[in-house]
Amino acid sequence: MFQNPEIALDDLPGTEDLDWQKLHPDFVRQMQVQHALIALAPLAGATVISVLLHFPLTPVMIFWIVAIGFAIVFVSWPRISVPRRGYVVRDKDIVFRSGVIWRSVTAIPYNRIQHVETSNTPLDRKFGVATLQLFTAGGSGGDLKIDGLGAEVAEQLRIYILDKVGVSIESA
Amino acid sequence: MNQPDPVSWRRTSPLAILFFLGKLLRDIVKNAWQSLAPIAALLIASSGNIVDRLKIGAGVALILVIVVSVLRYWFFRFRITEDSVLIREGVVKKKQLDIKFDRIQGINTEQNIVYRYLDLVTVSFDTAGSSGDEGNLPAVPSAFAGALREKIGRPLGRTPTTDQEQHGETESAPLLILTWRDMIRIGLSDKRVLLVMALLSPLLDRLGDETDAVISGYLESATQGAMQFGVAGGIFMFFAVGIGVIFVLALISIAVAFLRYHDFKLHLDGSTLRSRGGLLTRHEVSMDLGKIQTLRLQQGIILRGFKRFVMTARQARSSHRNDSSKNFTIPVVTEELATSLRRRFLQQEGRGLIQIPTSDQFTAISKYSMRVPVLVNVLIPMLVTAVAFSIEGDRATLLFLLWIPVALLHIVKTWQHAGYHYTDEGLVRRSGTIGYRTVALLYRKVQRVTVSRSPLQRRKGLATLRVYMASGSVRIPYIKHELARQLRDVILYKVESSQKAWH
């Protein structure tokens, strides 16, 4: 029996009072280590070059002060940004929020997901986190990437979402 | 040969050699050096005078190319099974393609001038998520292509009724036929003309100067010191050359329009949209209405003068490339036709959507959208100019201030042309600076939605809504946060409750 009830706009489920799930507690540390490693490489390179080429001391000092300032901000940034990230797994879709200055909330309905991928780097494994990636059709960054989930959580989510995707395909 | 037969492997018509010849020649032009190296070696090795050698070389090259084309034709086999098209090809490196019917989004054909006399076509399959042009069937009878189209368009397991077959045979009345006037419109509104003109304009200046010098020198000696006339003549020449170049470009552009769109006809057979056109090579493009992701109406400054639009229907595109091959373009339509076509394409669901950019149904976006562009493109350049002037004291730096009115006009126009409009089933976004561009989409075909807010937007209660379709994303910036959220919730509701397929 075909039904087509009218839906009042206000009755639609919103995302205002969602219970945002936090990422893995060690993810901040993992990001900080990663950022520290990224920051270290150019600093080490600059040091070697300045020693080899006998740069005068004053510009090198200024460079170091500025560079260390940047590095401190860069390394401590995950402390601010990671708590702003969160996700909610709902019955029909998954919602992800991120951003400190530019904040965004993305929603992907399960019946649009083409495939799901979990991955982890060696550093991820050390901290027990993983990345979950959800692909939709159309490319152009047409996928949602959630970093810093607990490894088991990512795997559970992958199975849960695949199950949902399968159900939506069968019912269509 | 006229009916798809599921069992046997078979060849196409020997005229497919022409197709392989063309493809080979294109490849040779692309990789000219590698292809010509052995021939050059042969030339040097053989004895005799240069002309003879060249003759021999050309002959050998020709024979080689023909032999390779014949071989490629000889090794090309295809087979149509119950649910896929199988292709085996390759002389040295064998390749087997298996194109499943349900992956085929459209069947397009091309018919060059030779094939037209013999009623043959080259079929190419438009598949979702493929890279490059995989799958061509060169030189098959056009009736076969028609039968193939019928077979693939039909859901599996359903046998054609006589009624349907009749439908395939008799052509429905065209929705649109383009005339020679339309060719001129297409040609003149081609963006490439403007681009070439912009690129040529410095050259044109130089050219103008030189002809000016030559002509005025010539006139000077001819008229014995009639300087006035010489200068006037130079200016006249300059404009004449300029206008001449523009005229020639416009002619070329119109000729290209004739080549591609001559005798362009648009048909709607059931739910399949089909266009046919072209002077020497006839192109036939088809698209299923259900596969349309977004419908786009564009109007540049020249088309605005003609009161015409370009209409494009976009299909899902593959993930890695930004290919335009999955677009169905109707190069020139009037306002009324655009409206009636939209009604047919989006059917019931799109009934309330208005795509004509001048409609008063559009709501403007917030004026705060101009704040960041003004800061970046006006205030910062002004500051830089002021600093440069105070240091250098050179009056010439002030000339840079002329940039500011241009930038301001650009920003204001962009804001004025931006807008949106929505119904229960879909939305339309309007954008553009000089011209207009409107994109219509149905909520139920959306892939995902993002609502994002910058610090300024948070302070002013605004947000940017970004809707991702399988054909690309559509962004509506600087609308009320409340509205963005509501639209997102409605879109999610439609996507999650819709029983129809999005592709």
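Residues numbered from 1 in each chain as written. Chains lettered and ligands numbered in written order. Predicted model: local features only at pLDDT ≥ 70, side-chain atom pairs only at ≥ 80, totals over all residues. Heavy atoms only, no water.

Caption draft 1: Expanded view of the overall build of chain A. Counting secondary structure elements, chain A contains four helices and six strands. The linear arrangement of helices and strands in chain A, starting from the amino end, is α-α-β-β-β-β-α-β-β-α. For chain A, buried positions account for 39% of its 172 residues. Within chain A, contacts between residues at least 6 apart in sequence are counted, and of these 51% link residues at least 24 apart. If you sum the accessible surface of chain A, you get close to 10400 Å²; carbon and sulfur atoms cover 63% of it. (Helix = DSSP H or I, 4+ residues; strand = E, 2+ residues; numbered from the N terminus. Buried < 20%, exposed > 50% of the residue type's maximum accessible area, 1.4 Å probe, protein only. Contact = heavy atoms within 4.5 Å. Areas by Shrake-Rupley, 256 points an atom, 1.4 Å probe, with all protein chains shown as cover.)

Caption draft 2: Representation of the pattern of salt bridges in the model. Residue and element names in this part refer to chain B. For the structure shown, the criterion picks out 17 salt bridges over all chains. Here R274 ties to D269 by a salt bridge, and the two come within 3.1 Å at their closest N and O atoms. Each member of the pair, R274 together with D269, is buried. With its nearest N and O atoms 3.5 Å apart, the salt bridge here joins K494 to E425. With K494 in helix α15 (residues 481–497) and E425 in the loop between β14 (419–422) and β15 (426–431), this pair connects stretches of sequence that are 69 residues apart. (Salt bridge = Lys/Arg side-chain N within 4 Å of Asp/Glu carboxyl O.)

Caption draft 3: Layout of the side chain of S431(B). Residue and element names in this part refer to chain B. Looking at where S431 falls in the secondary structure, it is placed in strand β15. Look at S431 and you get buried, because its relative accessible area is 13%. Ignoring any residue separated from it by four or fewer positions in sequence, one finds S431 in contact with H417, A418, Y436 and R437.

Caption draft 4: The arrangement of the packing of helix α12 (residues 371–392) of chain B against helix α13 (residues 403–417) of chain B in detail. Residue and element names in this part refer to chain B. Running from amino to carboxyl end, α12 crosses α13 at an angle of 175 degrees, the nearest separation of the two axes being 10 Å. The pairing of α12 with α13 is recorded here as roughly antiparallel in orientation. Between α12 and α13, the contacting residues are P373, V374, N377, V378, P381 and M382 on the first element and W403, I404, A407, L408 and I411 on the second. Classifying every residue of the contact of α12 with α13 gives ten nonpolar, one polar and no charged. (Axes fitted to C-alpha atoms, helices over the stretch in contact; angles between N-to-C directions. Parallel < 35°, antiparallel > 145°, perpendicular 65-115°, else oblique. Nonpolar A, V, L, I, M, F, W, Y, C, P; charged D, E, K, R; others polar.)

Caption draft 5: Looking closely at the nonpolar core. Core analysis: the biggest nonpolar cluster contains 40 residues, and I365(B), L441(B), V446(B), L465(B), V467(B), I479(B) and I491(B) have the highest contact counts within it. Going through the elements one at a time, β3 (103–109) of chain A together with α13, β16 (436–442), β17 (448–453), β18 (462–469), β19 (472–480) and α15 of chain B are the ones with two or more residues in this core. Discounting residues that sit within four places of it in the chain, L465(B) has contacts with V449(B), T450(B), V451(B), V474(B), R475(B), I476(B), I479(B), A484(B), L487(B) and R488(B). With 34 residues, the next largest nonpolar core counts M183(B), Y261(B), L268(B) and L297(B) among its residues. (Core = buried A, V, L, I, M, F, W, Y, C linked by side-chain atoms within 4.5 Å.)

Caption draft 6: Region of the structure containing the pairing of strand β3 (residues 95–100) of chain B. Relative to β3(B), strand β2 (residues 84–89) of chain B is paired through six bridges, and the arrangement is antiparallel. From the neighbouring strand, I87(B) faces β3(B), where its bridge partner is L97(B). (Pairing = 2+ DSSP bridges.)

Caption draft 7: Main features of the sheet that holds strand β5 (residues 129–136) of chain A. Residues and elements named next belong to chain A. What the three strands build is an open sheet, ordered β4-β5-β6; its pairing is antiparallel. Pairing within the sheet leaves two strands with one partner each, and these edge strands are β4 (113–119) and β6 (143–150). Across the sheet, the mean angle separating the axes of adjacent strands is 15 degrees when strand polarity is ignored. Looking at chain direction, β5 and β6 are connected through six bridges and run antiparallel. From the neighbouring strand, F135 faces β6, where its bridge partner is D143.

Caption draft 8: Spatial organisation of a nonpolar patch on the surface. A contiguous nonpolar patch, built from V372(B), L375(B), V376(B), L379(B), I380(B), M382(B), V384(B), F389(B), L398(B) and L401(B) and spanning about 800 Å² of accessible area, is present on the exposed surface. As for its position among the elements, L379(B) is in helix α12. (Patch = residues over 30% accessible without salt bridge, like charges linked within 9 Å, V, L, I, M, F, W, Y side chains within 5 Å.)

Caption draft 9: Spotlight on the interface of chain B and chain A. In this complex, chain B contributes 31 residues to the contact, which on the side of chain A involves 34 residues. Across the interface of chain B and chain A, roughly 2600 Å² is buried in total on both sides, 50% from carbon and sulfur atoms. Applying the counting criterion to the chain B and chain A interface returns zero salt bridges. The interface formed by chain B and chain A holds nine residue pairs in polar contact (both at pLDDT 80 or more) in total. Listing elements by their share of the side of chain B that touches chain A, those giving two or more residues are β17, α14 (455–460), β18 and α15 of chain B. Considering each element in turn, the side of chain B that touches chain A owes the most residues, nine residues, to α15(B). The residue makeup of the side of chain B that touches chain A, split by class, is twelve nonpolar, nine polar and ten charged. Of the pairings in the sheet, the one linking β3(A) to β17(B) comprises five bridges and is antiparallel in character. Bridge assignment links A107(A) to a residue of β17(B), and that residue is V449(B). (Buried area = accessible area lost by both parts, 1.4 Å probe. Polar contact = N/O pair within 3.5 Å; in protein donor to acceptor, adjacent residues only side chain to side chain.)

Caption draft 10: Region of interest: the side chain of T109(B). All names here are of chain B. Within the secondary structure, T109 sits in strand β4 (residues 104–111). Exposure remark for T109: the relative accessible area of 7% places this residue in the buried category. Sequence-distant contacts of T109, defined by excluding residues within four places in its chain, comprise V121, T122, V123, A145, R149, R282, H283 and E284.

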